[in-house]
Structures are given as C-alpha cells and as structure tokens.
Amino acid sequence: DDDIFSSAFCENSEKLIDVHLFALAAKNYSLSNLGVCTPLEDVLEALKGDSEGATGIKPDEFMNNKKSHEVQVMSELVDSIANYCGIKQVIDIGSGKGYLSSFLSMQYNLKVYGIDSSSSNTNGAHERNRKLKKHWRTYQSRGRENLKSQSLEKANDRPVESEIKCKTISEELLNNANSLQNQDQVIIQDLVPSCGFTETATPATNTETEADLVTGTQSHETKLSEEVLAILNVLPADAVADSSSSHYNCGELCEEEKVQRKMTSLKTKAGKSSESNLYFPLTSCITAETELSDIIMDLEDCVMVGLHTCGDLAANTLRIFTAKPEIKAVCSVGCCYHLLSEQFENQEECHDQVWGFPMCQYLKDKGWCCGRNARMSACLALERVAVGQMLPTESLFYRAVLQVIIEEIYGVTKSDRHVGKTFSKSSSFIDYVRRSLKKLELDDSKLPDSCIMDYYEKYKHRMNELEAFNMLKVVLAPCIEVLILLDRLCYLKEQENIAWSGLVKLFDPVKSPRCYAVIALKNQSCS
C-alpha cells in the first residue's frame, strides 16, 4: 500500500500529481479505517453492571445541540466507569463553565470537582447555576399551583376515602417541594474574602424524593406538568458550590498564609458538604506536576475526565492519571492540537520541559515532529466539509493577503498578537486590514486604501488555488490526528499499572469534530 500511495507524488520534484490517490491514502490511514478503535457500545457493555441508567434530564433544554450531544454521551460513559470501579468522585479537568460537571452531579449522583485555569469560567459556572435556579423556582411555584388545583378537582369527584388519600399525598408533595426550596437557602460564607473565594454547599435534590414524588403523583393521577418534572430533575437548589483555589488571586498574603487559608476553606467545604452529588468549580492551573491533594482536600479514589481539554492539558491529564494512585480511571477528549508543545519542533535543549508531543517513548526515540502547520491542519473537520459545511474561503483569503501586507510593508514575520475574529466584524477588505493592523499595534496611517486594494486585486485570482490547498489540508487532517491520538494511546500502553486502555469514538463528528476519547483503567482499581 505504501508503494502505491507514494506514486501520488512525483519522484523527482516531490509535487502532488495524483489528488485522487492522495485522498485514498489519507482515508486509508484515518482512525476509522485502521481498526484500532474500540466501539463505544462494546465499552459500555463491558462496564455494565446491575444498575439501571439514569433517566429524566434532557440536556438540550439548557445546552446547545453540540454541547448537549457531547455531555449526554460522555456522562453516560463516565458514570459506567465510575460504577464499574466503585467510585463516586470525579475530577473534571478543564471544566470550563461546568456543563459536563453539573450534569454528572445532578443526573448520576456523583461528587464532581471541576478544575479550570480561568476564574471567569469558574464564575460563569456559578452564574449559570444562579440563573438556572431562578427558573427552577418559577417552575416549582407553578407546580405547587397545579397540584393545588388538581387536588381540589379530584377531591370533588372522589369518595371520602380517596379524598383523604389525595390530600395526604398532595401535602407530602408540597412538603417535599418546600424542603427543596429551603435547601436553596444554605450558604456557607467564605473564609477568605480577600481572595475572592465564595463557597456554597447545599444538599442537592434527593433521588428518592424525586422518585417518590413522581410515583405518588402518577399512581393517583395527579401529574405535574412535564416542565416542572424536567426542572426538578435538572436543577437542585445550589447544586454548584463555587470555590476558587487559584494560586494567583490572593493579593498581599504571603505564601504560607495563602496555603493555610486555602486548606481551611476547603476543609470547611468538605466538612459541611457530605452529599455525594455536588459540583465544586475550582480555579487552578493544571500541569503535569500538579498535586491534586493540594487542591482537593477530600481527594479519594476517583475518575479523571476532560471534555475537549486544550493543547498540552490533554497530555498532562494522562500523565497525572498514570502518576497518582487515587485516580483509577481516565476519559479524556482533547482538542486544539495547534497549541501542543513539541519537543523536537525547535531543536532547543530544554531538559526540564514537559512536552505535549510526543508522549510515547517510541516516537521520542525517533525524534518525531509534526510542526505547527500540520497541527493546525489536524484541527480541521473533514466530516463537516463532506456534508456541505464548507471552509470559510473568503476569510482565509483575507488572512493570507494580510500576511503578505504585514511582511512586505511592515517587515513583520512573527508576532505574539492575534488578529482573532476580525473578519466577522469587518464590512470590507479595507476595513478588515485596518482593524487587524490596530490589533497588531501597527501604524495603518502609512497604508492608503488604494495600496490595500492593490494587494487584494493582485491575489484575487488565486482564491480558488487557496481553496484547493485548504481542501487538501482537510483531507489530510484525520491522518495527523491519528498520529497525535496514537501517541497518547501508546504512552498508556507503555505504563505498567494500566489494566486496559483504548481509543473510543464518542461523538458524531459532524456535531463534534474532536470526537475520540482516550480511556484507561488501572490494574488495582477495577479487579
């Protein structure tokens, strides 16, 4: 096969001469054709115990379609792993605004610590929960009104015995609802206000209470509206306990005071929050050397997860998993391959550096390097292009011509600043260039509009060429992703304490292009 596919390129010039053969070769070396993935159904079947799957929550009611799909699929798998290993604690690395973490805690009765380096994400998780609680109270109040009216109607139509039963059940339901609302008031004041810490620890909705509520209602034909049941399932009062453990936000405190106050804060939280199904957002920067016990005081046997962990964070998640005995399993879906650090990219001697690629000894011994362009290509979404979601050719063309301008006019070949999403805010190519130059802190006054348009006209006829080039990158993208993912899998295979590891396709790649999870279980945990 290698000999056949190599004929796609000219032997002398090494230029591409057979695009069809190139595309076939790329397809041949994609994960779906290599036969190295374990089907999700097989994994779930192997992990399946006696417990029934959770029901009731519809994540698409409070997430977009993509996030709902990702959270629903991954949370079911994580819960299966946790049950198989007899674990109730989950650590969500790079948890963002807490979609996966909150769903795992509410739907599957797990105690979840979501760790993110961005305090704004942690605050966003808390704010999102506050808004959801507001809706929950509204639906809860509506549910009580429905119960009252339904109870009165049925009391008029039933014999005395039925009236007594109906009244008793209605009162129980209302008491349960009031109890849930009262739980909403439990707030633990933070011990370190100067650090911006806030802690909220509240019992989440009790599963048995929900079951009794639903069963009792159905058996006596007194049904709450579907909206009320959905919200009761999804939104236990104060399900999020917001706590920042950032090492960077403690003002003038000395290091010893910072550590002492952080420990006191977390101990208080752990002591007052014995419930299993709580979600705690924490702010901390995770590296391969991170000691989780410094962040989570009640660290116990747990599952580590990561949904679209960015760049090196995916690699570090696997390193922490292999190094820490408390972590019995891992389920990691990476993204942002272009942000990976590469050991052999710049040929610099950095012996203490922990690199994102390569991880496995096999590729280290070969000194393997992808390069930034290849990693950028790995981020492209072939499946989306295949169903008609074409690449943004015009914005890519704008960016390419801008690159020529800043090199030829300003002599800049590299910058730490980024243009970002300037295209969507621009009314024309001239506007795009001027906005971009300001972002790059370059003086646009010496560049007249006519000069900008001259560059546009000079390269306009090459737009189709640029589109063809980017389509070739899209075709090659799965092959580069394969290399990165197999490197991570091989790293796990090289470890002695791993009972099983594999690559599993979790998501629909059209909905979520970064759809492969690296999963592993340790020997001693799940025997």
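Please read all numbers here as calculations on a predicted model, not as lab measurements.

### A closer look at the confidence of the model for the protein
Taken over all residues, the pLDDT of the protein has a mean of 76, while the share at 70 or more is 65%. In the predicted structure, residues 268–275 sits below a pLDDT of 50 and forms 15 contacts with residues beyond four places in sequence or in another chain.

### Some words on the packing of helix α17 (residues 393–408) against helix α18 (residues 429–439)
Put simply, α17 and α18 touch, their axes get as near as 11 Å, and they point 55 degrees apart. The angle between α17 and α18 falls in the class oblique. As α17 runs across α18, the sense of the crossing is right-handed. Every residue of α18 that contacts α17 at Tyr398, Arg399, Val401, Leu402, Ile405 and Ile406 is listed here: Phe429, Tyr432, Val433, Ser436 and Leu437. By residue class, the composition of the contact of α17 with α18 is nine nonpolar, one polar and one charged.

### Some thoughts on the sheet that holds strand β1 (residues 89–93)
Spatially, β3-β2-β1-β4-β5-β7-β6 is the arrangement adopted by the seven strands of the open sheet, whose pairing is mixed. Each of the sheet's edge strands pairs with one partner strand only, and the pair in question is β3 (279–283) and β6 (498–505). The sheet shows a mean angle of 15 degrees between the axes of neighbouring strands, taken without regard to direction. The pairing of strand β5 (residues 327–335) with strand β7 (residues 516–522) spans four bridges and is classified as antiparallel. Counterpart to Cys331 in the pairing with β7 is Ile519. Contacting β1, β4 (302–310), β5, β6 and β7, helix α13 (residues 312–323) crosses the sheet at an angle of about 170 degrees to β5. Relative to β6, helix α20 (residues 463–493) is tilted by about 165 degrees, and along the sheet it contacts β5, β6 and β7.

### Overview of the packing of helix α5 (residues 65–85) against helix α6 (residues 99–108)
α6 packs onto α5 with a crossing angle of 55 degrees between their chain directions and a minimal axis gap of 10 Å. Judged by the angle between their axes, α5 and α6 are oblique. Crossing geometry of α5 relative to α6 is assigned as right-handed. Taking contact as the criterion, the partners of Lys67, Val71, Gln72, Met74, Ser75, Glu76, Val78 and Asp79 in α5 are, on α6, Tyr99, Leu100, Phe103, Leu104 and Tyr108. Of the residues contributing to the contact of α5 with α6, the split by class is eight nonpolar, two polar and three charged.

### So, the pairing of strand β2 (residues 111–116)
Extensive coverage of β2 is indicated by the burial of six of its six residues. Side chains of β2 alternate between two faces, with Lys111, Tyr113 and Ile115 and Val112, Gly114 and Asp116 buried alike. Bridge analysis of β1 against β2 gives five bridges, and the strand direction is parallel. Counted as the bridge partner of Val90 is Val112 from β2. Sheet topology note: the β2/β3 ladder contains five bridges and is parallel.

Rules and cut-offs
- Residues numbered from 1 in each chain as written.
- Predicted model: local features only at pLDDT ≥ 70, side-chain atom pairs only at ≥ 80, totals over all residues.
- Heavy atoms only, no water.
- pLDDT = per-residue confidence, 0-100.
- Contact = heavy atoms within 4.5 Å.
- Axes fitted to C-alpha atoms, helices over the stretch in contact; angles between N-to-C directions.
- Helix = DSSP H or I, 4+ residues; strand = E, 2+ residues; numbered from the N terminus.
- Parallel < 35°, antiparallel > 145°, perpendicular 65-115°, else oblique.
- Left-handed = near helix turned anticlockwise from the far one by under 90°.
- Nonpolar A, V, L, I, M, F, W, Y, C, P; charged D, E, K, R; others polar.
- Pairing = 2+ DSSP bridges.
- Buried < 20%, exposed > 50% of the residue type's maximum accessible area, 1.4 Å probe, protein only.

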